[in-house]
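# Observations on the three-dimensional arrangement
What follows is the residue order along each chain.
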Amino acid sequence: VGLPTLSEIVSQRASLRRQTTMERYCAGTTDDMVLWGDEFVKDSEADLLDLRNMHEVDQFAELLPHLNPLRASHYWSWFRVAGVAARLIKMYPALEQDVWQAFET
């Protein structure tokens, strides 16, 4: 039995991370399960993003471009994104322009 290739390790790690995230955050409804579907996995150079020590608005701006455009096919996903944006604007009114600017990148 040989050692797994680097590609196999990366694939298994990504799959395990998605599974762990689903178990942690999903309530088990069909809508929640669709949120974590493989069709929404976006190929990205960033395997892990370091968001430590970043302000919530900066985290939002960093993560938004990593959302897969296929999420637009599930309109309620965008309601969730809009809800996060609204919460950030309410919590940090002085940073409202930064929240809106995150959608432009």
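Before reading on, note that the structure itself is shown above.
Starting from 1, residues in each chain are numbered consecutively following that chain's sequence as written. A pLDDT threshold of at least 70 governs which residues receive local features in this predicted model, and a stricter bar of 80 or more applies before side-chain atom pairs are shown or counted, although totals over entire chains, interfaces and linings include all residues. Hydrogens are left out, water is left out, and the side-chain values use all remaining heavy atoms of the structure.

### A short note on the overall build of the protein chain
- Counting secondary structure elements, the protein chain contains five helices and zero strands.
- Listing the helices and strands of the protein chain from first to last along the sequence gives α-α-α-α-α.
- Type-normalised accessible area, obtained with a 1.4 Å probe on protein chains alone, sets the label of each residue: buried when under 20%, exposed when over 50%, and partly exposed for intermediate values. Counting every position in the protein chain, which comprises 105 residues, the buried fraction comes to 20%.
- Restricting to contacts in the protein chain with at least 6 residues of sequence separation, those with at least 24 account for 56%.
- Each accessible area is a Shrake-Rupley estimate made with a 1.4 Å probe; only the visible protein chains count as cover when residues are assessed. When the accessible area of the protein chain is evaluated, it comes to approximately 8000 Å², of which 58% is carbon and sulfur surface. Numbering goes from the N terminus for both helices and strands, where a helix is a DSSP run of H or I of at least four residues and a strand is a run of E of at least two. The contact definition used throughout considers only heavy atoms, calling two residues in contact when any of these lie within 4.5 Å.

### Focus on the packing of aromatic side chains
- Any two rings among Phe, Tyr and Trp, with Trp reduced to its six-membered ring, count as a pair given centres within 6.5 Å; such a pair is stacked if its planes are under 30 degrees apart, edge-to-face if over 60, and tilted if neither. Overall, the coordinates contain two aromatic pairs when judged by the stated rule.
- Ring centres 6.0 Å apart and planes at 40° place the aromatic pair Trp 100 and Phe 103 in the tilted group.
- For Trp 100, a relative accessible area of 43% puts it in the partly exposed group.
- One aromatic cluster is present, built from ring pairs that chain together Phe 60, Trp 100 and Phe 103.

### Quick word on the nonpolar core
- The nonpolar core is taken to be a set of buried Ala, Val, Leu, Ile, Met, Phe, Trp, Tyr and Cys residues, with the residues joined through side-chain atoms within 4.5 Å. The biggest cluster of nonpolar side chains holds nine residues, and these are Val 57, Phe 60, Leu 64, Val 81, Ala 85, Leu 88, Ile 89, Val 99 and Ala 102.
- Among the elements of the structure, α3 (56-63), α4 (75-91) and α5 (96-102) are those that each provide at least two residues to this core.
- Considering every element that reaches this core, the biggest residue donor is α4, with four residues.
- Ignoring anything within four residues of it in the chain, the contact list for Phe 60 reads Val 81, Val 84, Ala 85, Leu 88, Val 99, Ala 102 and Phe 103.

### So, unusual backbone geometry
- One non-glycine residue, Asn 53, lies in the positive phi region at around 60°.
- Within the element layout of this structure, Asn 53 appears in the loop between α2 (30-35) and α3.
- Judged by relative accessible area, Asn 53 falls into the exposed class, the value being 85%.

### Side note on the packing of α3 against α4
- Angular values range over 0 to 180 degrees, each being the angle between N-to-C directions of two axes fitted as lines to C-alpha atoms, with helices fitted over their stretch in contact. Between α3 and α4, the shortest axis-to-axis distance is 10 Å and the interhelical angle comes to 155°. As far as their axial angle goes, α4 and α3 are roughly antiparallel. As for how α3 packs across α4, the hand of that crossing is left-handed. Here Glu 56, Val 57 and Phe 60 of α3 lie close against α4, whose contacting residues are Val 81, Val 84, Ala 85, Arg 87, Leu 88 and Met 91.
- Polar here means any residue outside two lists: the nonpolar Ala, Val, Leu, Ile, Met, Phe, Trp, Tyr, Cys and Pro, and the charged Asp, Glu, Lys and Arg; Gly therefore counts as polar. In terms of residue class, the contact of α3 with α4 is made up of seven nonpolar, no polar and two charged. Orientation categories follow fixed angle ranges, with anything under 35 degrees roughly parallel, anything over 145 roughly antiparallel, 65 to 115 roughly perpendicular, and all other angles oblique. Whether a crossing is left-handed or right-handed is set by the direction in which the near helix is turned from the far one by less than a right angle, anticlockwise for left-handed and clockwise for right-handed.

### Some thoughts on the pattern of salt bridges
- Salt bridge criterion: a side-chain nitrogen from Lys or Arg within 4 Å of a carboxyl oxygen from Asp or Glu. Under the counting rule described, the total for this entry stands at two salt bridges.
- A salt bridge links Arg 52 to Asp 50; its shortest N-O distance comes to 2.8 Å.
- Assessed through its relative accessible area of 64%, Arg 52 is described here as exposed.
- Close ionic contact of Glu 56 with Arg 87 constitutes a salt bridge, the shortest N to O distance being 3.5 Å. With Glu 56 in helix α3 and Arg 87 in helix α4, this pair connects stretches of sequence that are 31 residues apart.
- Its relative accessible area of 29% is what places Glu 56 among the partly exposed residues.

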